[in-house]
Amino acid sequence: MHRLAAWVLVAAAVASTAVSGLVAERMAAGRDEARSLLYLPNGKHLRTISLGHAPLLADFVYLWAIQFYSDYDREERFQYVEHVFSDVIAELDPRFVDAYWLGAMILIVEAGRLDDGLALLERGFERNPDQWILPYLAGWEAWMARQPARAAEYFRQASAVPGAPVLTRRMQAGMLRRAGDERTALGLWRELLEDPASDEASRAIASRKVRELEGTVLLAGVREAVERYRSETGALPRSLEALAQRGYLSAVPRDPSGRPFHYDPRTGRVAPPSGRVLGGDE
Amino acid sequence: MSAPAPARVPPPWAAIVAIGLNTFREAIRDRILYLLLVFALVVIGASRLLSLLTVGSEDKIIKDLGLSAISIFGVMTAGFMGVSLVFKEIERRTVYTLLANPVRRWQFVTGKFAGLLSVLVLNVTLMYAALAVLLWIRGEQPLALAPAVLLTGVELAVVTAFALLFSSLTNPILAAVWTFAVYVTGHLVWSVRLLGERLPPGFARGTCEALYWLLPNLDRMNVRAEVVHGIALPDGFLAVSALYGASYTVVVLALASLALERKDFA
């Protein structure tokens, strides 16, 4: 009799566990799980209790974060991304480079928060000044967001890291040109062309870019001289030769191939010999 | 009539070697090497699992996991075996037989320590070898991790010495608690100095500073993050840290011998 009662008690306990577990599971499904991330302790505190195993703890949080942010059904999943990747993982293991770029990619590509993502990459670079890849990625993201001046600055930072590939300087020069700073871009391409550390492919690209930009910069200079002449005399110059004779140009301008520019004295328009802006096909 | 030949006195290291060998055999008989199987399963299983869970960083995580597992398994072995070493001899009364022979108590302590350290060195070496094979298969350079493994060995020597000291003073449960407390304190000793810096100059601040230098600083033997990220260690850091750990171990072993000297086994 006692035995039967004991079995009934055990069976009831098993059934109660199963039912209450299922109900609790359903109730938990309605909760805002992202909010619990806010209470994830800062990495500085976790580091203290890790007893010398902080990098391993950073790995565990990183693995967990990947699973958490990969669940596309989760609402508000982009809350506290900086907290997880910057305050927790990066504090536990400041040299964990992958965590910075992954957090930044989640912020920029998925959450559409460019500034926050770039800030995370900047923080990573502050802590890892030997990792050119972090400002390089920031440069790419700024360029994708059509912010070439910002991108050029990131590529400049990347290229300043010892051991950074020539590609970073090429990207900086390309972004400067897109940002409208053609003279600085030309100077950078010239440096790349003359730098013995440049590889063959980079030198070939630099040679083409220097040629294109020299024409563009020269053309811009001639247009500026025409404009200056007009503002000072109130009339357009008769020809580019006359402009040079009056001292507005040091010599009669020719494009890098030695061909003269086209000048229309009725409109003051200056055009390259081909009729197209050199390098305009980029 | 010729004088009787003087009795041959064995050199002091003979007793240490004999006790050490005996401790080593006993540990092997306790199937301590099964831990290695667990370690291999953890590391290999983790490496298989990581390809499913992570985005990049697989090698970094395997290295972190492997090095931490070597340290944690090592500390567990050192702690659990070390705390019962002397106590067991006293419980079984084998220490009476042993010390009835011309064996000094410091030789007994040193022999016990040497035996357990040999087991730990074997453990750590085999665990490192398993990790190295896994990394080598993945095209990584396992030799870069050697400084961290070496300093983990030194850290284990310090923990073992403390376990022996506490084993000479009290029962295994208390000794285990104290050893764990030393391990925790050893990794948090920086906080004692931090506390001192926040205090006004005076007795309390001086005490904090003294404690900072007196307590074992086990973080000095932790270069796991540096070797995993390929950060160069300062010149001579490895040697100085190893020397610090070895010297500290000798001091703790001397204290353990002293504690045993005071025990009456007559």
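Residues numbered from 1 in each chain as written. Chains lettered and ligands numbered in written order. Predicted model: local features only at pLDDT ≥ 70, side-chain atom pairs only at ≥ 80, totals over all residues. Heavy atoms only, no water.

(A) Local environment of the nonpolar core. Tyr62, Phe85 and Ile89 of chain A together with Leu131 of chain B are the most contacted members of the largest nonpolar core, which totals 123 residues. When residues in this core are grouped by element, the largest group, 14 residues, is from helix H6 (residues 146-169) of chain B. Setting aside residues up to four positions removed in sequence, Phe85 of chain A forms contacts with Tyr62, Ala65, Tyr69, Ala90, Ala99, Leu102, Gly103, Ile106 and Leu120 of chain A. Grouped together as the second largest cluster of nonpolar side chains are 13 residues, Val222, Leu240, Phe261 and Val270 of chain A included. (Core = buried A, V, L, I, M, F, W, Y, C linked by side-chain atoms within 4.5 Å. Buried < 20%, exposed > 50% of the residue type's maximum accessible area, 1.4 Å probe, protein only. Helix = DSSP H or I, 4+ residues; strand = E, 2+ residues; numbered from the N terminus. Contact = heavy atoms within 4.5 Å.)

(B) Quick look at the packing of helix H3 (residues 58-91) of chain B against H6 of chain B. All names here are of chain B. At a closest axis distance of 8 Å, the pairing of H3 and H6 adopts a crossing angle of 25°. Of the possible angle classes, the one that applies to H3 and H6 is roughly parallel. Helix-helix and strand crossings are classified by hand; for H3 and H6 the assignment is right-handed. Partitioning the contact of H3 with H6 into residue classes produces 14 nonpolar, nine polar and one charged. (Axes fitted to C-alpha atoms, helices over the stretch in contact; angles between N-to-C directions. Parallel < 35°, antiparallel > 145°, perpendicular 65-115°, else oblique. Left-handed = near helix turned anticlockwise from the far one by under 90°. Nonpolar A, V, L, I, M, F, W, Y, C, P; charged D, E, K, R; others polar.)

(C) Geometry of helix H5 (residues 81-92) of chain A. All names here are of chain A. With twelve residues, H5 ought to run about 16 Å at 1.5 Å a step, and its terminal C-alpha atoms sit 16 Å apart, in line with that. The buried count for H5 comes to ten of twelve residues, which makes it a mostly enclosed element. Burial in H5 covers these residues: Val81, His83, Val84, Phe85, Ser86, Val88, Ile89, Ala90, Glu91 and Leu92. (Expected span 1.5 Å × (residues − 1).)

(D) Geometry of the side chain of Gln107 of chain B. All names here are of chain B. On the secondary structure map, Gln107 appears in helix H5 (residues 105-137). For Gln107, a relative accessible area of 5% translates into the label buried. In contact with Gln107, not counting residues within four places along its chain, are Pro12, Ala15, Ile16, Ile19 and Pro102.

(E) The interface of chain A and chain B, seen in detail. If you look at the interface, chain A gives 18 residues, while chain B gives 24 residues. The interface formed by chain A and chain B includes two salt bridges. Between Lys60 of chain B and Asp59 of chain A there is a salt bridge, with the nearest N and O atoms lying 2.6 Å from each other. Applying the counting criterion to the chain A and chain B interface returns nine residue pairs in polar contact (both at pLDDT 80 or more). (Salt bridge = Lys/Arg side-chain N within 4 Å of Asp/Glu carboxyl O. Polar contact = N/O pair within 3.5 Å; in protein donor to acceptor, adjacent residues only side chain to side chain.)

Note that all results are geometric; they support no functional claim without further evidence.
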